[in-house]
Amino acid sequence: MPSNRLPKNNYRVHVDYAFPNFKELHGGIFYEVTHCLERLWSIEESCSTIDTTPADRVFWVHQFNKSMESDDVVTYAVSKGYRPAIHKEAIAFAKARPDLIEEMRIVALGSTVV
């Protein structure tokens, strides 16, 4: 397999870690979350030491098709070699892959609104 090919349900997206432009995000796929973006965010302990240098990141998107507690989702992801995304990563992913956002709910469990 060529080195640039990713496994199924993995997507390479550039993340710049800049704070989002609210006017650009208002409405559309971000309708439900734009009211949260202007608030303070807390980074979860599992993501407190992540590298926030602008770069391409690989996102693993998994649909559980059942209700799950956030901690259980994080535990499962970590067992597969992944970590939860923080809000800036989820925003970059949503901007780059609006086709997937329309199909499923993308959740960034690596940060929470304070």
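Quick summary incoming for the structure in this document.

Definitions and cut-offs
Residues numbered from 1 in each chain as written. Predicted model: local features only at pLDDT ≥ 70, side-chain atom pairs only at ≥ 80, totals over all residues. Heavy atoms only, no water. Core = buried A, V, L, I, M, F, W, Y, C linked by side-chain atoms within 4.5 Å. Buried < 20%, exposed > 50% of the residue type's maximum accessible area, 1.4 Å probe, protein only. Helix = DSSP H or I, 4+ residues; strand = E, 2+ residues; numbered from the N terminus. Contact = heavy atoms within 4.5 Å. Phe/Tyr/Trp six-rings, centres within 6.5 Å; stacked < 30°, edge-to-face > 60°.

Examining the nonpolar core
Of all hydrophobic cores here, the largest spans 18 residues; its most connected members are Tyr-11, Val-13, Val-15, Phe-59, Val-61, Ile-86 and Phe-93. Looking at this core, the elements with two or more residues in it are β1 (10–15), α4 (87–96) and α5 (98–103). Setting aside chain neighbours within four positions, we find Phe-93 in contact with Tyr-11, Val-13, Phe-59, Val-61, Leu-100, Ile-101 and Ile-106.

Examining the packing of aromatic side chains
Each aromatic ring pair is summarised here by two numbers: the centre-to-centre distance and the angle between the ring planes. As enumerated under the stated definition, the model contains five aromatic pairs in all. Pairing Tyr-11 with Phe-93 gives two aromatic rings, centres 6.0 Å apart and planes at 70°, and the pair type is edge-to-face. Linking Tyr-11 in strand β1 with Phe-93 in helix α4, this pair joins segments that are 82 residues apart in sequence. Arranged with centres 5.4 Å apart and planes meeting at 75°, the rings of Phe-64 and Tyr-76 form a pair that is edge-to-face. Of this pair, Phe-64 sits in the loop between β3 (55–60) and α3 (70–79) while Tyr-76 sits in helix α3, and the two are 12 residues apart along the sequence. Its relative accessible area of 30% is what places Tyr-76 among the partly exposed residues. Each residue in the set Trp-60, Phe-64, Tyr-76 and Tyr-82 is aromatic and connected to the rest through ring pairs, giving one cluster.

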